[in-house]
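Read off the chains here:
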Amino acid sequence: MRYGICTGIENTRLVESLGYDYIELSVTKTMGLDPETYAAHKKVLEESSISAECFNILFPKTMNLVDGSTSPETLAEYLERAMAMVHDLHGKIVVFGSGKCRTCPPGMPYGDACRNLINACRLTGEIAGRYGIQVVIEPLSRKETNMICTMAEGALLRYAVNSPHVGLLSDYFHVCANNDAVSDIASIREFGHIHIASGRGRRYPLPQDGEDYGALFRVLKTAGYEGRMSIEGKTEDLEKDGAAALAYLKQLEEQTELCLTK
């Protein structure tokens, strides 16, 4: 498995020094950098041993993809700029989370919102595909959105979109928040990316934090997942907790390998 951290581009050197394989950046935050700052950070990335393989927070909170307020033309124009930037930084995966942007507003028929979300996902995948980028749908906590909260719902949306450029993500924190079943990973399979943070407080995964990460690693192994896993959580000490979390995740992976090969 390859491990990364969701953080700002200004932390590239730190993430590299901790031994991570890549850094996962925010689309909206990175697009918001002024040209001079962007160029400086891009240079640091290109000179480092890691790259920005993954991106999250695809859409700004001001954009709604289901209520009809964002036209296909406006969405396409935004996505062209976003995917061009991701491609410029050699990104491979873009996470479609953005809960507020895909929330069905009060009074709107849920079916209409679903149709609009499918169309938005399909257009996102179409444009991403032209840049060689894979989009992954992220099921989110019900506190963040009222659409696509469980992994099964995410799998159904992916099926409805029916695009080779649109896949699925599982986030351990959201799985816990929704009382979703980690075991569903084994039956859904074909995940394109994984996020991890503690179910309690959404913090960096660390020993003795009370979480059963071993169950996650076992089911990922059973499903044949060998891709990327990004830490997307809170910490007051990125250097300390980042180092400890990476060692712990690698230990869990090794223990899972030993357990399942016996």
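Just so it is clear, the structure is predicted and the values come from calculations on it, not from any experiment.

1. Digging into the packing of aromatic side chains
And step 1. The tally for this structure, following the rule as stated, stands at 4 aromatic pairs.
And step 2. With 5.1 Å between their ring centres and 50 degrees between their planes, Tyr172 and Tyr213 make a pair best called tilted. One end of the pair, Tyr172, is in helix α7 (residues 172-177); the other, Tyr213, is in helix α9 (residues 213-222), and 41 residues separate them in sequence.
And step 3. Judged by relative accessible area, which is 6%, Tyr172 ranks as buried.
And step 4. Here Tyr213 falls in the buried class, since its relative accessible area comes to 0%.
And step 5. Taking the centre distance of 6.0 Å and the plane angle of 80 degrees together, the rings of Tyr213 and Tyr248 count as edge-to-face.

2. What to know about helix α5 (residues 110-130)
And step 1. With 21 residues, α5 ought to run about 30 Å at 1.5 Å a step, and its terminal C-alpha atoms sit 31 Å apart, in line with that.
And step 2. Where α5 is concerned, the buried positions are Ala113, Leu117, Ile118, Ala120, Cys121, Leu123, Thr124, Gly125, Ile127 and Ala128.
And step 3. Buried-residue contacts for α5 involve α4 (72-88), β4 (93-96), β5 (134-137), α6 (151-161) and β6 (166-171).

3. Concerning the sheet that holds strand β2 (residues 22-26)
And step 1. Spatially, the 8 strands close up into a barrel ordered β1-β2-β3-β4-β5-β6-β7-β8, and their pairing is parallel. In this sheet, neighbouring strand axes are inclined to one another by 30 degrees on average, regardless of whether the strands run parallel or antiparallel.
And step 2. Of the strand pairs in this sheet, β6 and strand β7 (residues 193-196) are connected by 3 bridges, and their pairing is parallel. In the strand pairing of β7, Leu169 is matched with His193.

Quick notes on the rules
Residues numbered from 1 in each chain as written. Predicted model: local features only at pLDDT ≥ 70, side-chain atom pairs only at ≥ 80, totals over all residues. Heavy atoms only, no water. Phe/Tyr/Trp six-rings, centres within 6.5 Å; stacked < 30°, edge-to-face > 60°. Helix = DSSP H or I, 4+ residues; strand = E, 2+ residues; numbered from the N terminus. Buried < 20%, exposed > 50% of the residue type's maximum accessible area, 1.4 Å probe, protein only. Expected span 1.5 Å × (residues − 1). Contact = heavy atoms within 4.5 Å. Pairing = 2+ DSSP bridges. Axes fitted to C-alpha atoms, helices over the stretch in contact; angles between N-to-C directions.

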